[in-house]
Amino acid sequence: MTSSQTSKKQDLPATAWAVLGLLSFPGERTGYELKKWADSSLRFFYWSPAISQIYAELRRLEELGYAASARSGPEEARAKRRYAITGAGRAALAGWASDTAEAGPPVLKHGLLLRIWLGHLAEPELLRAMVGDHLERTLGELAAVREAMAQADDVPEWAFPALALRWSERQHLAELELGEALLADLAELDAAGTGTSAGAPAADRQGSGDAPTPG
């Protein structure tokens, strides 16, 4: 491996390792197939990169010698390029997966909670509707997780992805519980008359000027 390749290896983002990880399972796959698999697995506990990003990472991985590709033959009506992991790629991926360095804390960017945080500018019924919509979406995601779990069931090569999906199932169940608790909290604020609406005078919505949390 050249010094340039070594530098690129050190700079690989987590997304590149995730794409290489998709290739580490048996079989060869097109970029489109990798995207479909990311949508039915990675997105439930990490994220699913855009198709353009997947192809960008595949090109990078090929440059490093971690992946190889070949075009389909004339037997297919439409030519496709299929990708596979190389021996060097599998060794590098195993080293990355076994790295004992801190993986970093999970990053939570909860769009609904950002709006709840600004609830003093919204009508109470609108906030409750937002939470209700969130619960419906979460139920849909939970169903998708369970469908992916069913597909991975009894497939020995997918034993560890199945563990990640099982964790995601628990996470979605916890999200439903948190959403129901949030609805109860909003109802309690409403009953106590503590909540304010967008129509309330600005002076009534302002506190002492201090931050509501330490720091």
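For the structure given in this document, a descriptive report is provided here. Remember, it's a predicted structure, so these values are computed and weren't measured experimentally.

Rules of the game
Residues numbered from 1 in each chain as written. Predicted model: local features only at pLDDT ≥ 70, side-chain atom pairs only at ≥ 80, totals over all residues. Heavy atoms only, no water. Helix = DSSP H or I, 4+ residues; strand = E, 2+ residues; numbered from the N terminus. Buried < 20%, exposed > 50% of the residue type's maximum accessible area, 1.4 Å probe, protein only. Contact = heavy atoms within 4.5 Å. Arc of directions from axis to C-beta. Core = buried A, V, L, I, M, F, W, Y, C linked by side-chain atoms within 4.5 Å.

## Focus on the environment of L176
At step 1: Take L176: it is sitting in helix α8 (residues 159-192).
At step 2: The buried category is assigned to L176, whose relative accessible area is 15%.
At step 3: Beyond its immediate chain neighbours, meaning those up to four positions away, L176 contacts L135, T138, L139 and L142.

## A word on unusual backbone geometry
At step 1: Located in the positive-phi region is D154, a residue other than glycine, with phi close to 65°.
At step 2: Along the chain, D154 falls in the loop between α7 (124-152) and α8.
At step 3: On the accessibility criterion, D154 (71% relative accessible area) is exposed.

## Looking at helix α3 (residues 31-39)
At step 1: Buried within α3 we find G31, L34, K35, W37 and A38. Down the axis of α3, the buried set is contained in an arc of 165°. They therefore lie on one face.
At step 2: Structurally, α3 contributes buried residues whose contacts are with α2 (14-23), α4 (51-64) and β2 (81-85).

## Regarding the nonpolar core
At step 1: In terms of nonpolar packing, the biggest core is built from 23 residues, with W17, L20, L23, L34, L58 and Y66 touching the most fellow members.
At step 2: Residue assignment for this core shows that the elements contributing at least two residues are α2, α3, α4, β2 and α5 (87-97).
At step 3: Looking at this core, the element that brings in the most residues is α2, giving seven residues.
At step 4: With ten residues, the next largest nonpolar core counts L112, L176, L182 and L186 among its residues.

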